[in-house]
Structure formats: structure tokens, C-alpha cells
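Letter by letter, the chains look like this.
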Amino acid sequence: DIQMTQSPSTLAASVGDSVTITCRASQSLSLRLAWYQQKPGKPPILLISDASTLESGVSSRFSGSGSGTEFTLTIRSLQPADFATYYCQQYNTYSFTFGQGTRLEIK
Amino acid sequence: EEYLVESGGGLVKPGGSLRLSCAASGFTFLTYSMNWVRQAPGRGLEWVSSISNGGHYIYYTDSLKGRFTISRDNAENSLYLQMNSLTAADTAVYYCTRSKKAYADPDYAFDLWGQGTLVTVSS
């Protein structure tokens, strides 16, 4: 199975900051990677698919990049609603592995 | 608007069985592959199983060892997960999800999620 490693596990930032979360895959995914946001007690929301395609209705402050085995999610100008946990997920193989999550906290 | 609503969760004893259901509305269910994803309390997300739109192609995470069965009824716009020989490790919120691309295999991002149903395995 493909292993997905997110870093950092926890990230503290302030409103207005920009942050970057990294996701590394144990083998090449081409562009078959998604990013999700999850808030406590709620289901995840798809933010980005195919590594960099922003989903409809998602703020343009979110952006994704990368290919192969290394991917990043960048959030510009953090807003209070952005403080949540973020997961990457590969869908290149039928193990659909998720990263362990990055908890974005208010500094 | 598009919805997925799970039901069937609850408390079950180790070794017991449970059948989860997911009712879909607001979109053409029979054109989409569907999936189950679970999340143990305080933990991350784990893909469980996927089924193609026509039900002909089915996939499971290796760790299930044949205990779970995914199925769907396109006439009823419903997805199911039959879970047998449950253990404490199966305790989780189970989410029903849709694969993003219609008329395609399940291997796309999950663009629609239900609210989840909690399964607790405990004596």
C-alpha cells in the first residue's frame, strides 16, 4: 500500500498568516491527490482534487501544488474559519490512503 | 441540493453484526461510484470500501479480512455496508461518500460526504 506522510502534525499560526502543509507519498501518484478540511464533529470537506484543482465554492486563498510524490497545500491570509484539521488523500490506487492529518491551531 | 444520510449505527457486542445504510438524494445516484470511510474516535480517516456505479467492481481495505460487504440498490438510491465479526477496533464514525466523477471507477476524490453514523463495539 501507498503510505502518505503529512507534515507538520500540528501547526500554530495567527489570523492573516500564510501556512503550507506538505504531503509525501511512498510512490508516485502523478496528480491523483486530494486535500480535505475537517472541523470537530463534522465530516470532511473536499478542498482540492487532482493536486491543484480548487473545488467549487472553496476560497481562492486555498491552493495546492505538486506531483509525483510531494504535494503542498497553502492557505493564504488565514481566517478564523480555517482553523481545522487538514488531510491529504491519494486515489492513485485502491487503498485510498489518507495522511495522518495536520491540525492547524490559532497561535 | 445533494445529500447523503447514513443510518444503522449503534452499540454492538464484540463478534456481533451491523448493517449500515446510506440514503442518497439530490443527484443521479446510479451514475456515481460510492465509498465508505471510517474515523475512530480522535483518529484520522481510513478508507473502508468502494463500489462502482453499477455495483460490478468492489474494493476493500486489506485489513478487513473479508468481514465487511458493500452493496448498493440503485432503484432505492441506497448504499449499504454489512459488518460482521465486529471488534473494538471497528469502533468509529462511518461516513458514506461519493466519488467525484460520474460514470467512472471509484478512484477519484470524495466530493460529497454524509454526516456519519457512529458504530461502537463494546461488551
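Just above, that's the structure.
Residues numbered from 1 in each chain as written. Chains lettered and ligands numbered in written order. Predicted model: local features only at pLDDT ≥ 70, side-chain atom pairs only at ≥ 80, totals over all residues. Heavy atoms only, no water.

Asker: Explain the side chain of Ser33 of chain B residue by residue, including any values.
Answerer: All names here are of chain B. Position of Ser33 among the secondary structure elements: in strand β4 (residues 32-39). Among the polar contacts made by the side chain of Ser33, one reaches the main-chain carbonyl oxygen of Ala104 at a distance of 2.9 Å. For Ser33, the contacting residues outside a window of four places in its chain are Ile51, Ser52, Asn53, Arg72, Arg98, Ser99, Ala104, Asp105 and Pro106. (Helix = DSSP H or I, 4+ residues; strand = E, 2+ residues; numbered from the N terminus. Polar contact = N/O pair within 3.5 Å; in protein donor to acceptor, adjacent residues only side chain to side chain. Contact = heavy atoms within 4.5 Å.)

Asker: An account of the side chain of Asp107 of chain B is needed here, citing residue identities and associated values.
Answerer: With respect to the secondary-structure elements, Asp107 of chain B resides in the loop between β9 (92-102) and β10 (110-113). A relative accessible area of 16% places Asp107 of chain B in the buried class. Discounting residues that sit within four places of it in the chain, Asp107 of chain B has contacts with Arg32, Tyr91, Tyr94 and Phe96 of chain A. (Buried < 20%, exposed > 50% of the residue type's maximum accessible area, 1.4 Å probe, protein only.)

Asker: A description of the environment of Ser71 of chain B should follow, citing residues and the corresponding values.
Answerer: Residues and elements named next belong to chain B. Structurally, Ser71 is set in strand β7 (residues 68-73). Exposure remark for Ser71: the relative accessible area of 28% places this residue in the partly exposed category. Taking the C-alpha atoms as reference points, Ser71 and Ser49, 22 residues apart in sequence, are found 9.9 Å from one another. With residues up to four places along the chain from it excluded, the contact list for Ser71 reads Ile51, Leu79 and Tyr80.

Asker: Got a sec to walk through the pattern of salt bridges? Specific residues and values, please.
Answerer: Evaluation of the coordinates by the stated rule reveals 10 salt bridges over all chains. Taking the shortest distance from any N to any O, the salt bridge between Asp82 of chain A and Arg61 of chain A comes out at 2.6 Å. One end of the pair, Asp82 of chain A, is in the loop between β8 (70-75) and β9 (85-90); the other, Arg61 of chain A, is in the loop between β6 (53-54) and β7 (62-67), and 21 residues separate them in sequence. Judged by its relative accessible area of 3%, Asp82 of chain A is buried. Salt bridges linked by common partners bring Arg38, Glu46, Arg67 and Asp90 of chain B together as one network. (Salt bridge = Lys/Arg side-chain N within 4 Å of Asp/Glu carboxyl O.)

Asker: Before we move on, can you summarise the interface of chain B and chain A with the specific residues and values?
Answerer: Listed per partner, the contact involves 22 residues of chain B and 18 residues of chain A. Contact between chain B and chain A buries roughly 1700 Å² in total, counting both sides, with carbon and sulfur atoms accounting for 60%. Among the residues of chain B in contact with chain A, Leu45, Trp47 and Asp107 of chain B are the three that bury the most area, contributing 32% of the side total. Where chain B packs against chain A, one counts 2 salt bridges. Residue Asp107 of chain B is joined to Arg32 of chain A by a salt bridge in which the shortest nitrogen-to-oxygen separation is 3.4 Å. (Buried area = accessible area lost by both parts, 1.4 Å probe.)

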